[in-house]
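Coordinates in review
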Amino acid sequence: MELLIRNGFVFDPINGVNGEKMDIAVKDGKIVDKVNESRAKTIDATGMVVMPGGVDIHSHIAGGKVNAGRLLRPEDHFKDVERKTAVTRSGVGYSIPSTFTTGYRYARMGWTTVMDPAMPPLEAKHTHEELSDTPIIDKASYPLLGDWWFVLEYLRDGKIEECARHVAWMIKATKGYAIKVVNPGGLEAWGYGRNVESLDDPVPCFGITPREIIRGLCKVNKLLHLPHTIHLHTNNLGKPGNYLTALETMRCVEDLAENGKPVIHITHCQFCAFKGDDWRTFQSGAEEIANYVNAHSHVTLDMGQVIFTDTTTMTADGPFQYTLYTLTGNKWTNHDVETETSAGIVPFHYKRKSYVHATQWSIGLELALLIKDPWKIMMTTDHPNGGPFTAYPRIIAWLMSRKAREATLRKINPKARSRSLLPSISRELDFYEIAIVTRAGQAKALGLKNKGHLGVGADADIAIYNFNPETMDPAKNYRAVRRAFKRAAYTIKGGQVVVKDGEVLKHMDGATMWLDVQLCEPCEIELNENLKRRFKEYWTVEFENYPVSEDYLAVSHPIPVKADV
Amino acid sequence: MPVVKAVSCPVCGSLCDDIELTIENGEVVKVKNGCAMCEAKFLSHRSEHRIRKPLIRKDGEFVETTLEEAIRRTAEILAEANYPVLYGWSNTSCEAISVGIELAEEVGGVIDNTAVVCHGPSLLSVQDMGIPSCTLGQIRHRADLIIYWGCDPWSAHPRHIERYTAFAEGRFEKSAWRGYMAKIRSLIGLKKIRSAAKRLVLKEPSEIEARLKPTFVPSIAREGRKLIVVDVRRTKTAEMADFFIQVEPGKDYELLQALRALVRDQELEVDHVAGVPVEYLEEVVDAMVSCDFGALFFGLGLTMGGAKLRNIDAALSLIRDLNMRTKFVIMPMRGHFNVTGANMVFTWQTGYPYAVDFSLGYPRYNPGETSVVDVLLRGESDAALVVASDPVSSFPRKAAEHLARNPLIYVGPHMDVTAQVADVVIPSAFVGIEAPGTAYRMDHVPIPLKKVVDPPEGVLPDEEILRRILSEVRKIKREKTKAEAA
Ligand code: SF4
Ligand SMILES: [Zn+2]
């Protein structure tokens, strides 16, 4: 099938295209130089913004924890339902939508690639079953490896290469995409209801520190040549004063950087940019984090923006979720996973009038605006932790328009308003920068070669938004920006028009990407033997029942990676 | 003779996946590692009661028919119905359940699984409060205190204790088998100090922990696991327990509230609660608050006994309280091997674990109204599809009667009571023996099921049968739209 998108204002930062009026040609699911104009279906994008399909580097959309959240919150679904149509399945929202609804809602906004950031390896099949039931979008998932006993033991013993081989096995076995680390050491400690408090607090019973885990896995990541860096949820997340932990974490891998390339991704940074000794003296630490990031090139971040709404927090950080439960007294689900990780879920309402919540809202935006290089900071809500992903159009409006920020500032807690840095920030992102923070930068950080851009050979994942940057100023017309991003004029996925005017036209499977990490041959056999021997000691399932077979992936998209071990 | 290893057992929610089967002439002849229930299932799946041919009722009598005919008739019944119910799902694969939900959505019916008659109340409580839990291996590695409440794993989940709890060998906790033999009950050293300290300065647990931290070693070095059983009668499991609490029937709620009070260091004004001396309860609570990692498993004895929903609310509250003092988890003992998987797939596709009504074109959930037993009691359904379940023998009589009055389709391997009163019977393969798939263990761990032998000739897996029904329903609907247009 051939497709020609005519005359749109194209924003394609990876190829340096900044709002030029041009045509985009598509053939067989890929971007091509040109197509046969008489045969191709044409889309007239005159007066519209054309961008690569959106890419989300961190959004909890599938797996045991997400599903436990859905089960926990029928009240979340009652008010937000999706009817079955001639082409789409029915479902429910709001903060934890059912799988079909998740795929459609991303597609409606012009997003086509989403990374689920927290897969417990033992339950990886569950994650993949849900991802396969999430239509249209391409996706991948990061196995949680920072508290896996094998990692703790090998790193403690200084066996980096052994560790790397086992991590490679695990990524393949779980059909994963990156190394996810959550509160390193803290999750193992949570096994006995404890936590770690600093980078140098030893993990009970394992004789290793969070610092050693982070550094070790950074090295492992390099040995394996993984396309993304390690993806880290810091220690002390959600605690006042934790911006110091975040700074120390970034500093602790400074020396591992080479050629100015990133070696660590600090995720949902808003949640670890808290200053103050307690909730009373709580303040934004965004400036300090931004200053550090502006002076260094080895880190990337995503925002974890807070939205004023009722949502559901869910992380692998068991002790953090427990604290949240004791703070709120809300419902609380906990799910520790043997030998590997934990998880917690607590419903949460971010209120405009709360000093802390309003300050959190401000921190996310401060980070995005104070960090000068948009390639270093990506737009997320840590869905659904800061709020559901469906709030992205609002965040885009806040980033593009000072007026939009002021309108919200007027409504928030007065103390939070008076302390917020936002009134002093005049920066307003343009469409080029928005394209970076919502797709190009994310694809680049993930090492996704065919995503996030519109160059020849890229996947034909394209979003067209009904906003004319020639005649309208997004800073002034921020409501129009919001409307445009809420319902894409067109979403094209793999060369097929899947959404028109915000309506889903097609139910189709997206692909699941995973890393086929290839080790040097002889060690593979040895590795399997070693694992087989120890398997029964560590887990309650058999070795051969553990890996996720490709049958679990509706569309399997392996990406070969050649490791150095 | 070929031996197949690492087979998962499609019987109970423990889903042991270490079964070894010897296959001869396309039949299982030997079962290794399984319990008696497991052996019986693998060895007898070819038994007499097996249905081999599709059946259709004509003039009150079953006549054999072709699969195509049976599927066509099924699709007609479902497509014509205004409010069909689709029930069962706990003894089949997640893949089949997924097709079942699509079918329910297509025909605008109610889909429900067997949780509605077992752990339904538990799920409602979880939706009210949440549930602190974990995978079974976590308990195997760490739990030094195990409680079974209103369940008898020794009989109903025979390998649960040996694989996952008291008699399992973990990293930090060794099997209590020896301890059980010797019945050593004494508490020693650090434990006493810890629990005393905790009771003295209740408000500042962090402070005690800070003081104990440098010396913290898990119980491995100190003592074996403890087993507590709470039940109305002295079960096999109770025989092994360090503490057995024989609760008066229907008094679980009182007992739970008493334990909560004791955990919160409140004094009880009475000598006995639910027939149990308070002194004994105090001893039990001491063990609970002073353990490093406790796990409470509960069964239908708690879920269905006395105060039902309030029982589980109270149990969850007790565990929340205990987490202020130490680490504690709780888990329902799920019966059918994939009832958990049914709840899972329902939830990710519709948002709700059971009792989902599609009659308005989107998932609606209101147990008590949209649950299948209630739909039947109100006499509202006008057709029914039952998959791998026997509701006619397990539902309340009035509900079963209405079900039998409906045009009824049965998909499953056995000629059970539901099959006998059905209008269409489609034989299906045994999932986990004759068909592959996925099931979820009671702790939410997905476990692959194997196909080890072929099904009888012409017999298909549930998943395939349901797919064919679905496409036939769609065909009928298309024909109908066309006819109307013409
Ligand atoms: S305990 Fe349950 S799952 Fe395990 S072998 Fe026995 S019946 Fe099968
Ligand atoms: Zn997250």
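Residues numbered from 1 in each chain as written. Chains lettered and ligands numbered in written order. Predicted model: local features only at pLDDT ≥ 70, side-chain atom pairs only at ≥ 80, totals over all residues. Heavy atoms only, no water.

**A few points about the site of ligand 1**
Test applied: Here, proximity means that at least one heavy atom of the residue falls within 4 Å of the molecule or strand. Side-chain classes are defined by residue name, with Ala, Val, Leu, Ile, Met, Phe, Trp, Tyr, Cys and Pro counting as nonpolar, Asp, Glu, Lys and Arg as charged, and the others, Gly among them, as polar.
Within the structure, ligand 1 sits among C9(B), V11(B), C12(B), S14(B), L15(B), C16(B), C35(B), M37(B), C38(B), H157(B), P158(B) and R159(B). When the residues that make up the shell around ligand 1 are grouped by side-chain class, the tally is nine nonpolar, two polar and one charged.

**Quick word on the pairing of strand β9 (residues 111-119) of chain A**
All names here are of chain A. We count it as follows: Remark: exposure states derive from per-residue accessible area (1.4 Å probe, protein chains only) relative to the maximum for the residue type, with buried under 20%, exposed over 50%, and partly exposed in between. Each helix is a run of DSSP H or I of at least 4 residues and each strand a run of E of at least 2, with the numbering of both proceeding from the N terminus. Two strands make a pair as long as DSSP finds a minimum of two bridges between them.
Taking burial as the measure, the nine residues of β9 include nine buried ones, the bulk of the element. Strand direction decides the pairing type here: strand β6 (residues 54-56) and β9, joined by three bridges, are parallel. Looking at the pairing, G54 lines up with W111 of β9. Across five bridges, the pairing between β9 and strand β10 (residues 138-143) is parallel. Each residue of the ladder has a partner; that of M119, found in β10, is P143.

**Quick word on the interface of chain A and chain B**
Rules: Any pair of residues with heavy atoms lying within 4.5 Å of one another is described as a contacting pair. Accessible surface is computed with a 1.4 Å probe, and the buried area is the amount of it that two parts give up when combined, taken over both parts together. Salt bridges are defined as contacts in which a side-chain nitrogen from Lys or Arg sits within 4 Å of a carboxyl oxygen from Asp or Glu. The term polar contact refers here to a pair of N or O atoms within 3.5 Å; inside protein, the definition further demands a hydrogen-donor-capable atom paired with an acceptor-capable atom, and it admits residues adjacent in sequence only when both atoms are side-chain atoms.
Taken together, the contact pairs 62 residues of chain A with 69 residues of chain B. Taken together, the two surfaces of chain A and chain B that pack against each other cover about 5500 Å², and 51% of this comes from carbon and sulfur. On the chain A side of the interface with chain B, the three residues burying the most area are L71(A), Y192(A) and T540(A), jointly 14% of the side's total. Taken together, the links from chain A to chain B amount to eight salt bridges. Its salt-bridge partner being E106(B), residue K84(A) comes within 3.7 Å of it at the nearest N-O pair. There are 41 residue pairs in polar contact (both at pLDDT 80 or more) connecting chain A and chain B.

**Re the coordination of the zinc ion (ligand 2)**
Residues and elements named next belong to chain A. Let me state the cut-off plainly: Any N, O or S atom lying within 2.8 Å of the metal counts as a donor, and for Na, K and Ca the limit rises to 3.2 Å; water is left out, so some sites can look incomplete.
Of the protein atoms, only H58 (NE2), H60 (NE2) and D382 (OD) coordinate the zinc ion (ligand 2), at distances of 2.0 to 2.1 Å. Each donor residue of the zinc ion (ligand 2) lies on the same chain, and together they follow the pattern H-x1-H-x321-D. Separated by 322 residues along the polypeptide, H60 in the loop between β6 and α1 (64-72) and D382 in the loop between β20 (377-378) and α13 (392-400) bring together distant segments of the chain. Using a relative accessible area of 1% as the deciding quantity, one classes D382 as buried.

**Quick word on the packing of helix α3 (residues 94-107) of chain B against helix α21 (residues 462-485) of chain B**
Residue and element names in this part refer to chain B. As a reminder of what qualifies: To get an axis, a line is fitted to the C-alpha atoms, and for a helix only the part in contact is used. The angle between two axes follows their N-to-C directions and goes from 0 to 180 degrees. Should an angle lie under 35 degrees it is considered roughly parallel, over 145 roughly antiparallel, and from 65 to 115 roughly perpendicular; all remaining angles are considered oblique. What makes a crossing left-handed is the near helix being turned counterclockwise from the far one by less than a right angle; a clockwise turn instead makes it right-handed.
α21 packs onto α3 with a crossing angle of 20 degrees between their chain directions and a minimal axis gap of 8 Å. Looking at the two axes, α3 sits roughly parallel to α21. Between α3 and α21 lies a crossing of left-handed hand. Two secondary-structure elements touch here, α3 through E95, A96, V99, G100, E102, L103, E106 and V107 and α21 through D462, E463, L466, R467, I469, L470, V473, R474 and K477. For the contact of α3 with α21, the class distribution of residues is eight nonpolar, one polar and eight charged.

**What about the domain arrangement of chain B?**
Residue and element names in this part refer to chain B. Short version of the rule: These domain limits were set by an automatic method or by a database of domain assignments.
The domain boundaries assigned to chain B delineate domain 1 (48-118 + 337-485) and domain 2 (120-176 + 224-332). Once you take the C-alpha centre of each, domain 1 and domain 2 turn out to be 35 Å apart. With twelve residues of domain 1 in contact, the opposing surface of domain 2 contributes 17 residues. In total, domain 1 and domain 2 occlude about 1100 Å² of area from one another, counting both sides; carbon and sulfur atoms represent 63% of this. Of all residues in domain 1, the largest losses of buried area upon contact with domain 2 belong to C118, M442 and D443, amounting jointly to 50% of the total for that side. Counting the contacts that link domain 1 with domain 2 gives zero salt bridges. Partitioning the side of domain 1 that touches domain 2 into residue classes produces nine nonpolar, one polar and two charged.

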